Amino acid sequence: LPVDWLKPLDGRVRLIVGPADPPGFADHLLQALPEAEGLLTLLTDRVDAAILDRAPHVRVISNVAVGFDNIDIAECSARKIPVGNTPGAMVEATADIAMGLLIASARRFAEASSDAREGHWKTWSPIGWLGADISGAVIGIIGMGKIGKAMARRAHGFGMKIIYADTSSQPEIESSLGAIRYPLDDLLRVSDYISLHIPLMNSTRGLINESTLRTMKPSAIVINTSRGPIVNTTDLCRALREGWIAAAGLDVTDPEPLPPDHDLYDLPNCFILPHIGSATHGARRRMAEMACENVLAGLEGKRLPYCVNPQVYET
Ligand code: GLV
């Protein structure tokens, strides 16, 4: 994190800063854990029982991300350690990337752009680089939380019909955008585009797999801006290669980073970004601000303003 994003901590904490690369807990951080009272973590830092065992004085963990699958929440809760995240900060930025991936995948940006660079743009051809229509198409949004809703608003602006799967119904999106809630299986069957906006949990890991991919239309396009492991990468590769679906646009992958020699890069119908959903100046700054607010609150014994395990305050 740039130091000026951490200004709110100036004079209030003693900071021990890890290297940007490699991610995770570098040696000097591991050595500092016994005296640490708070942890400010990135989504690439795994915080589990082994780390917590080394950090007995930690009384707050503040993740600079909305997702918190890198942190063993059950373990933190058992130890009464509040965990903070940054909800809301990157909603619009991430929905922009999801919509961008949708357009890029539908209209074959990657292939068209590299063909142009490589001298294959010989003339304007009526059948050159034909893609899928967006206006009038059905988008199935899986997970109608904050980012799902922001995606729905964009899709509505593009003239798409919106259906969604969620654990609860979202009346305001239904009345404002005409969105209709579907059982997941039906959503998979009828959607032209499927956009994932759910957190990574045991119940969502591998949700998009051979069986769900085979349920989709052969013309379907899958967009993932949530977490890589929600999609089974091996199954997705087969689906794209063998035409079970038409294309995928991914901002997140499994593994992450995706090694440069990975099969997915060889597929012309797969558009890949390096996890940049929240990568705008405004969103990243706001994430850092919220993370600083969380860590300071925790150190001062106050309730975290953005807490993912508020049950720690119950007893
Ligand atoms: C980014 O992926 C986040 O969870 O904030």
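Procedures and definitions
Residues numbered from 1 in each chain as written. Predicted model: local features only at pLDDT ≥ 70, side-chain atom pairs only at ≥ 80, totals over all residues. Heavy atoms only, no water. Phe/Tyr/Trp six-rings, centres within 6.5 Å; stacked < 30°, edge-to-face > 60°. Lys NZ or Arg CZ within 6 Å of the ring centre and 35° of its normal. Buried < 20%, exposed > 50% of the residue type's maximum accessible area, 1.4 Å probe, protein only. Helix = DSSP H or I, 4+ residues; strand = E, 2+ residues; numbered from the N terminus. Pairing = 2+ DSSP bridges. Right-handed = clockwise from strand over helix to strand, strands pointing away. Contact = heavy atoms within 4.5 Å. Axes fitted to C-alpha atoms, helices over the stretch in contact; angles between N-to-C directions. Salt bridge = Lys/Arg side-chain N within 4 Å of Asp/Glu carboxyl O. Expected span 1.5 Å × (residues − 1). Core = buried A, V, L, I, M, F, W, Y, C linked by side-chain atoms within 4.5 Å. Parallel < 35°, antiparallel > 145°, perpendicular 65-115°, else oblique. Left-handed = near helix turned anticlockwise from the far one by under 90°. Nonpolar A, V, L, I, M, F, W, Y, C, P; charged D, E, K, R; others polar.

Explanation requested: the packing of aromatic side chains in the structure shown.
What describes a pair of aromatic rings is the distance from one ring centre to the other and the angle between the planes of the rings. Counted by the stated rule, this structure contains zero aromatic pairs. We note Arg-214 situated over the ring of Trp-244; from NZ or CZ to the ring centre the distance is 3.9 Å.

Explain the pairing of strand 5 (residues 161-165) to me, please; I cannot follow it from the model alone.
Note on strand geometry: in a regular strand, side chains alternate between the two faces of the sheet. Burial within strand 5 is extensive, with four of its five residues counted as buried. Across five bridges, strand 4 (residues 138-142) lies against strand 5 in parallel orientation. Looking across to strand 5, one finds that Val-138 is bridged to Lys-161. In this region the chain leaves strand 4, passes through helix 6 (residues 146-157) and returns to the parallel neighbour strand 5; the handedness of that crossover is right-handed. Pairing of strand 5 with strand 6 (residues 180-181) involves two bridges; the strand directions are parallel. Considered in strand 6, the bridge of Tyr-164 is made with Arg-181. Handedness of the β-α-β unit built from strand 5, helix 7 (residues 171-177) and strand 6 comes out right-handed.

So what exactly am I meant to see when it comes to the sheet that holds strand 7 (residues 193-196) here?
Backbone-to-backbone hydrogen bonds pair the strands of a sheet. The strands run either parallel or antiparallel. If you trace the seven strands from one edge of the open sheet to the other, you get 6-5-4-7-8-9-10, paired in parallel fashion. Each of the sheet's edge strands pairs with one partner strand only, and the pair in question is strand 6 and strand 10 (270-272). For strand 8 (residues 221-224) and strand 9 (residues 247-250), the ladder comprises four bridges, and the chain directions are parallel. Each residue of the ladder has a partner; that of Asn-224, found in strand 9, is Leu-250. Seen against the sheet, helix 4 (residues 91-106) touches strand 4, strand 7, strand 8, strand 9 and strand 10 and runs at an angle of roughly 150° to strand 8. With respect to the sheet, helix 6 is in contact with strand 4, strand 5 and strand 7, its orientation differing from that of strand 4 by roughly 175°.

Help me understand the sheet that holds strand 1 (residues 38-41), please; the structure alone is not making it clear to me.
On the basis of which strands lie adjacent, the open sheet formed by three strands has the order 1-2-3 and parallel pairing. Edge positions in the sheet fall to strand 1 and strand 3 (83-84), since each has one partner strand and no second. For strand 1 and strand 2 (residues 60-63), the ladder comprises four bridges, and the chain directions are parallel. Paired with Leu-39 across the strands is Ile-61, a residue of strand 2. In the packing of helix 11 (residues 281-299) onto the sheet, contacts are made with strand 1, strand 2 and strand 3, and the angle to strand 2 comes to roughly 180°.

Can you help me understand the pattern of salt bridges in this one?
In a structure, side chains of opposite charge can pair up when their charged atoms sit close to one another. Per the counting criterion, the structure on display carries 21 salt bridges. In this structure, Arg-12 engages Glu-300 in a salt bridge whose closest nitrogen and oxygen atoms are separated by 2.6 Å. One end of the pair, Arg-12, is in the segment before helix 1 (27-32); the other, Glu-300, is in the segment after helix 11, with 288 residues separating them in the sequence. A salt bridge links Arg-286 to Glu-293; the nearest nitrogen and oxygen atoms lie 3.5 Å apart. The class for Arg-286 is partly exposed, based on a relative accessible area of 30%. Its relative accessible area of 33% is what places Glu-293 among the partly exposed residues. One salt-bridge network, held together by shared partners, links Glu-92, Asp-96, Arg-153 and Arg-154.

Just to check I follow, could you spell out helix 11 for this structure?
Counted at 1.5 Å a residue, the expected span for helix 11 with its 19 residues is 27 Å, and the 27 Å between its end C-alpha atoms agrees. When we look at burial in helix 11, the residues that qualify are Ala-283, Met-287, Ala-288, Met-290, Ala-291, Cys-292, Asn-294, Val-295, Leu-296, Ala-297 and Gly-298. Looking at the packing, one finds that the buried side of helix 11 touches strand 1, strand 2, strand 3 and helix 4. Once helix 11 finishes, Gly-301 follows within two positions and takes phi at roughly 75°, a positive value.

When you look at the nonpolar core in this model, what are you seeing that I'm missing?
Most often, soluble globular proteins have nonpolar side chains that are buried together. Within the largest apolar cluster, 31 residues are counted, with the highest numbers of intra-cluster contacts made by Met-216, Leu-236, Ile-245 and Leu-264. Counting residues per element, the ones that place at least two in this core are strand 4, strand 5, helix 8 (184-190), strand 7, helix 10 (233-242), strand 9 and strand 10. Here this core gets four residues from one element, more than from any other, and that element is helix 10. One finds Ala-104, Ala-152, Ile-162 and Ile-173 within the second-largest nonpolar core, a separate group that totals 26 residues.

What exactly am I supposed to notice about the packing of helix 4 against helix 6 here?
Each packed pair of helices is defined by two parameters, the angle between the axes and the distance between the axes. Axis separation between helix 4 and helix 6 bottoms out at 8 Å; the angle between their running directions is 50°. It follows from the interaxial angle that helix 4 and helix 6 lie oblique. The handedness of the crossing between helix 4 and helix 6 comes out as right-handed. On helix 6, the residues touching Val-91, Glu-92, Thr-94, Ala-95, Asp-96, Ala-98, Met-99 and Leu-102 of helix 4 are Lys-146, Ile-147, Ala-150, Met-151, Arg-153, Arg-154 and Ala-155. Grouping the amino acids of the contact of helix 4 with helix 6 by side-chain chemistry returns nine nonpolar, one polar and five charged.

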